[in-house]
Amino acid sequence: MRNLKRILILLIVGLMVGAASVTRATLSAAVVKVPDPTKVVMIVDRDSNDIAFMDIASKKIVGRTFLGNNVNPHMVMMSPDGRYVVTGGTRANKAYIIDAKTLELVKVIPVDIAPEHLAFSPDSRWYYQGNPEGDSISVIDMLSLTKIKSIPGLVEPLNTVFLPDGSKAYVGNYGAHWVGVIDVRRHELLKKIQVADVPGVAKLDPDKYLGEIKGINIPQITNDGRYLYATDTDLGVVAKIDPREDKVDKIIRVGKEPWRPYMSHDGKYLITPNNGDQTISIVDLRTDKVAATLEAGENMTGVNFAAGKAFVISSTSGFVYVYDMNSLRPAGRMKIGTNIQLETATTDTKDEKLYLADSTENAVVVIDAKTQQFEKIMNVGLYPWGTHIMDSKDNYCH
Amino acid sequence: MLAAAVTAAAQDPRSHTRLNPRGTRVTESQAETLTLTLGKAEVRLLQTWVRTAGTIDKTGKVLSGRVAGPEAALVKVGQRVRAFPPSSKSSMYQAYVTRVTPTPSGIAMEVTLAASGRANTTLYVLEVVVEQGPYLVVPNEAIIEEGDKHIVYVQQDGEYVAKEVHTGIQGELYTQVLEGLQADTPVVTFGSFFIDAEHKLKGTGLNQ
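Residues numbered from 1 in each chain as written. Chains lettered and ligands numbered in written order. Predicted model: local features only at pLDDT ≥ 70, side-chain atom pairs only at ≥ 80, totals over all residues.

### Things to note about the overall build of chain B
Each helix and strand in chain B was counted, giving 3 helices and 13 strands. The buried share of chain B, reckoned over its 208 residues, is 32%. Counting only contacts in chain B whose residues sit at least 6 apart along the sequence, the fraction spanning at least 24 positions is 71%. (Helix = DSSP H or I, 4+ residues; strand = E, 2+ residues; numbered from the N terminus. Buried ≥ 20, exposed ≤ 12 C-beta atoms within 10 Å, placed from the backbone. Contact = placed C-beta atoms within 7 Å.)

This is the structure we're talking about:
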């Protein structure tokens, strides 16, 4: 009788433990919304204040992380190790850290004024959040998920690029004509690299040069990590910077008001969209000379590369201009819509499709690079501002 | 007489003047100067990146590589790989492990790139991202090696106290803790070296 009682108790306990394990397993499975972070497109929805996650294969939204009212996220990025998704809330002056698998908002960190663009160190350790209105970069430690430092002394820092070894970072100051060099070990501004001579005031057009400065958007790194190329919008030049000496090696004149450089995936060329004269300049990186200057559209916000072509987004015209990167000739233009506003795009890791944010239609436009056909995925969120795919070679913002 | 001499020689003349503190006190301003950062011992996914070299085939999409030693057992089909030629180290190619074949010294593997690789480049660095599973971990830099011992500094009642831990797998950013810490214990990460130096200035004893 006593033995029977023991067996019964053991059975009940066993059943309870088993049931608990099943529940736990079911719960863990339920909370993982993105099992493979490489298989989703992240969409920054500026006005619905969220990050939407769209499955690349099914083109369905599989999850959404709401950040809070009046946050206005600007740019989204996944850490290279695939653990976290981060964004800066421009109106909230905060950085947001999201678990890449469960899509839970795990930390909100106050930063400086109007955070916009951001970058990760190659080892995923440091998240540099640029604050253009605060003239600073907030340094966030991704191990403790805390802000450990603020790097002051910058002027409207727009974009940061890390060297492949993570030792230094280079900051484009849109409100100045110099690139800031950051020592990543100490998170301190080491040096200011003036990209070109600023003409004397007497020679200038006062309306243009005594107004707001439009300087450097980003010092873009070459594929081999050997040089950086930075455009200066006011000066109309591209400066080639040698990071070994932190000096300007060469200056290349391009079209009027170049926005920023975009590197082709094969590393042969860079393209600057020149909004001052509605052209693009294609610079040959072997000779550091302009290989072609081609007509383009108005208000260009980005360039993507896929299927041997370059796709240049003309934000307010509703067109995407296409160029053959072998012949360096125009290859037509795609009309995405009328009275719409296009923002920026990312390219998939197969170099086959582009995912373009169409803010006024609350859509993402999926462009097949080979056929130049496209499909609009509607209702992705309010005012999609940008897109991001892990490991894409075209992850940028505007 | 001899015994007394040995005892005297064994004594550290400075030891009686040193304090033997229970912990090291660091003020808020000192902590800020040191950019002292606290993390937590917690259960997290531990990643190890297995690195090897690979050569690309004629299709320009499939890489072959070998892994020897204990790391070979970690490589499985379906794992994400970061691939890049040494001449293109700032432009990474996404890839996956598509075949694993045992060899006498370890494994041979095939890795397939998502897109075509870089033109005229045959050699690649392969970083296989191995997710080892959830373990109790602390950040790598929280651990200070002292001979055979592994020390972390934990925060207790506003003080920083050295604790010896027994460690397991060391990942890219985190190290598994087998013994010595409980989950949610605050540990010093960035700045632990300075705490350790301060601790050694005042006293050498571990407080456990």
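Moving on from the coordinates now.
### A look at the nonpolar core
In this structure, I43, V179, A230, V312, L356 and V364 of chain A are the most contacted members of the largest nonpolar core, which totals 130 residues. Setting aside residues no more than four positions away along its own chain, I43 of chain A makes contact with I51, A52, M54, A357, V364, V380, G381, P384 and T387 of chain A. Within the second largest apolar cluster, 20 residues are counted, among which are V50, V75, V81 and A95 of chain B. (Core = buried A, V, L, I, M, F, W, Y, C linked by C-beta atoms within 7 Å.)

### Some points on the interface of chain A and chain B
Interface size is often expressed as the accessible area that is lost when the parts come together. With 22 residues of chain A at the contact, the number on the chain B side is 22 residues. It is strand β11 (residues 146-151) of chain A that contributes the most residues to the side of chain A that touches chain B, 3 residues altogether. Here the side of chain A that touches chain B is built from residues that sort into 4 nonpolar, 8 polar and 10 charged. (Nonpolar A, V, L, I, M, F, W, Y, C, P; charged D, E, K, R; others polar.)

### Thoughts on the sheet that holds strand β8 (residues 118-120) of chain A
Residue and element names in this part refer to chain A. What the 4 strands build is an open sheet, ordered β8-β9-β10-β11; its pairing is antiparallel. Two strands bound the open sheet, and with one partner strand each, they are β8 and β11. Strand after strand, the sheet turns through a mean of 20 degrees between neighbouring axes, direction not considered. For β8 and strand β9 (residues 126-131), the ladder comprises 3 bridges, and the chain directions are antiparallel. Among the inter-strand pairings, A119 is bridged to a residue of β9, identified as Y128. (Pairing = 2+ DSSP bridges. Axes fitted to C-alpha atoms, helices over the stretch in contact; angles between N-to-C directions.)

### A few points about the pairing of strand β21 (residues 269-274) of chain A
Residues and elements named next belong to chain A. Within β21, 6 of the 6 residues are buried, leaving the element largely enclosed by the surrounding structure. As paired elements, strand β20 (residues 262-263) and β21 share 2 bridges and run antiparallel to each other. For Y262, the partnering residue across the bridge sits in β21 and is I271. Counting the residues in the hairpin turn of β20 and β21 gives 5 residues, including G267, whose phi is positive at 80 degrees. Inspection of the sheet shows β21 paired to strand β22 (residues 279-284) by 6 bridges, in the antiparallel sense. Note that in β22 the partner of L270 across the bridge is V283. Hairpin geometry of β21 and β22 is characterised by an intervening segment of 4 residues between the two adjacent antiparallel strands and by a positive phi of about 50 degrees at Q278.

### So, unusual backbone geometry
All names here are of chain A. At Q278, a residue that is not glycine, the phi angle is positive and equals roughly 50 degrees. Looking at the secondary structure, you find Q278 in the loop between β21 and β22. Here Q278 falls in the partly exposed class, since 19 other C-beta atoms lie within 10 Å of it. Of note in this structure, Q372 is not a glycine but carries a positive phi near 60 degrees.

### Describing the sheet that holds strand β25 (residues 309-314) of chain A
Residue and element names in this part refer to chain A. Strand order across the open sheet formed by 4 strands is β24-β25-β26-β27, with antiparallel pairing between neighbours. Every other strand in the sheet has two partners, leaving β24 (300-306) and β27 (329-335) as the edge strands with one partner each. On average, each strand axis in the sheet is inclined to that of its neighbour by 20 degrees, with strand direction left out of account. Relative to β25, β24 runs antiparallel, the two being bridged by 6 bridges. When the sheet's bridge partners are listed, V303 is paired in β25 with V312.

### Details of the pairing of β25 of chain A
Residues and elements named next belong to chain A. Burial analysis of β25 places 5 of its 6 residues in the buried class, the great majority of the element. The antiparallel pairing of β24 with β25 creates a hairpin that spans 2 residues between the two strands, and A307 there sits at a positive phi of about 50 degrees. With 6 bridges joining them, β25 and strand β26 (residues 319-324) adopt antiparallel strand pairing. Pairing of A310 across the sheet is with Y323, part of β26. Counting the residues between successive antiparallel strands, the hairpin from β25 to β26 contains 4 residues, one of them, G318, with a positive phi of roughly 80 degrees.

### Brief notes about the confidence of the model for chain B
Residue and element names in this part refer to chain B. With 77% of its residues at a pLDDT of at least 70, chain B reaches an overall mean of 84. Segment residues 1-10 is flagged for pLDDT under 50; beyond a separation of four residues in sequence, or across chains, it makes 0 contacts in the model. Across the assembled chains, the prediction reports ipTM 0.83 with pTM 0.87. (pLDDT = per-residue confidence, 0-100.)

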